[in-house]
Each structure stands twice: as C-alpha cells, then as structure tokens.
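A structural walkthrough
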Amino acid sequence: MKLVLQAVIGSIAIHVIFTVGLMVVGYIKTKNYKPNLAEKWDATVVVLQDEVVFGKIISPSFGLLSIMGVAVILGFIIFTLKMGRR
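Given the structure is predicted, the values throughout are model-derived calculations rather than measurements.

Looking at the overall build of the protein chain
Tallying secondary structure elements over the protein chain gives three helices and zero strands in all. From first element to last, N terminus to C terminus, the protein chain shows the α and β order α-α-α. Within the protein chain, the proportion of its 86 residues that are buried is 7%. When the accessible surface of the protein chain is summed, it comes to about 8,400 Å², and 72% of that surface belongs to carbon and sulfur atoms.

Structure representation (structure tokens):
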C-alpha cells in the first residue's frame, strides 16, 4: 500500500510541476513579446475577434488515465529500486 501511495503522490507531483512549468513559460513568452508593427502595417486589414481565452480543455478521463499511467510507471521504478537494494 505504501508503494501505491508513493507512486500516486509522485505522479500528482510530476503533473503539477509540468503544468506550473507550462504556465511559467507562457507567462515569460507573453511578457517578452514585442510585435513588429512596422512590417505588418502595409498588410491588408483583417477583422479579428474581440475576446481572447487562454487555456486548454481536456477530458477528465484523460487526466485520470494520465495520472494513473504515470503512477504505474513510477510504481514499477520504485519497486525495481527497492528490489535492487536488497
């Protein structure tokens, strides 16, 4: 039971670190973006939408399967390392 708990906690930690990392990279790219309007000024005018939405929608089942898949892999790694120590 301890192995399963360690694997699930590790999987959740990996997913949180990955998600936070993506958010930090997106924030840095957004803050450092400098549009080059001088080159684009002569282009034709295109009407764009007024609203912007940031985010990504994934199904809850995919998220659960992802966490469980990584937990199985981590469980196998932890089990292998424990057997190697003996």
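Moving on, there is more to tell.
Things to note about the environment of Gly69
In this fold, Gly69 is placed in helix H3 (residues 60–85). Here Gly69 falls in the partly exposed class, since its relative accessible area comes to 31%. Between the alpha carbons of Gly69 and Ser11 there is a distance of 8.5 Å; along the sequence they are 58 residues apart.

Things to note about H3
An α-helix turns once per 3.6 residues; consequently, residues spaced three or four apart project the same way. In this model H3 runs 37 Å from its N-terminal to its C-terminal C-alpha over 26 residues, within 8% of the 38 Å that 1.5 Å per residue would give. Considering only its buried residues, H3 is in contact with helix H1 (2–31).

Observations regarding the confidence of the model for the protein chain
When the pLDDT values of the protein chain are averaged, the result is 87; 88% of them are 70 or greater. Averaged pLDDT values over the elements of the protein chain bottom out at 67 in helix H2 (residues 37–40) and peak at 95 in H1.

Quick word on the packing of H1 against H3
The geometry of H1 relative to H3 is characterised by a closest axis approach of 8 Å and an angle of 125° between their N-to-C directions. By the angle between their axes, H1 is oblique relative to H3. In this structure, H1 crosses over H3, and the sense of that crossing is right-handed. Side by side, H1 and H3 meet where Leu3, Gln6, Ala7, Val8, Gly10, Ser11, Ile12, Ile14 and His15 of the first sit next to Ser66, Ile67, Val70, Ala71, Leu74, Gly75, Ile78, Phe79 and Lys82 of the second. Broken down by class, the residue content of the contact of H1 with H3 amounts to eleven nonpolar, six polar and one charged.

Side note on the side chain of Ser11
Note that Ser11 resides in helix H1. Judged by its relative accessible area of 0%, Ser11 falls in the buried class. Leaving out residues up to four positions away in the same chain, Ser11 has contacts with Ser66, Ile67, Val70, Ala71 and Leu74.

What counts as what
- Along each chain, residues carry numbers from 1 onward, in the same order as the chain's sequence is written.
- For a predicted model such as this one, the threshold for reporting local features is a pLDDT of at least 70, and the threshold for listing and counting side-chain atom pairs is 80 or more; totals across whole chains, interfaces and linings nevertheless cover every residue.
- Values reported for side chains reflect all heavy atoms of the structure, with hydrogen atoms and water molecules removed beforehand.
- Helix and strand labels come from DSSP, where a helix needs a run of H or I of at least four residues and a strand needs a run of E of at least two; each type is numbered from the N terminus.
- Relative accessibility under 20% of the residue-type maximum defines a buried residue, over 50% an exposed one, and the middle range a partly exposed one, all with a 1.4 Å probe and only protein chains included.
- Only the protein chains shown count as cover for residues, with accessible areas throughout obtained via the Shrake-Rupley method and a probe of 1.4 Å.
- Here a helix's expected span is defined as the number of its residues, less one, multiplied by 1.5 Å.
- Residues are treated as being in contact if the distance between any of their heavy atoms lies within 4.5 Å.
- Scored from 0 to 100, pLDDT records how confident the predictor is in each individual residue.
- In this description, a line fitted to the C-alpha atoms serves as the axis of each element, helices being fitted only across the stretch in contact, and the angle between N-to-C directions of two axes falls anywhere from 0 to 180 degrees.
- Angles below 35 degrees are treated as roughly parallel, those above 145 as roughly antiparallel, those between 65 and 115 as roughly perpendicular, and all remaining angles as oblique.
- By convention the crossing between two helices is left-handed if the near helix lies anticlockwise of the far one by an angle smaller than a right angle, and right-handed if it lies clockwise.
- Note on residue categories: nonpolar means Ala, Val, Leu, Ile, Met, Phe, Trp, Tyr, Cys or Pro, charged means Asp, Glu, Lys or Arg, and polar means any other residue, Gly included.

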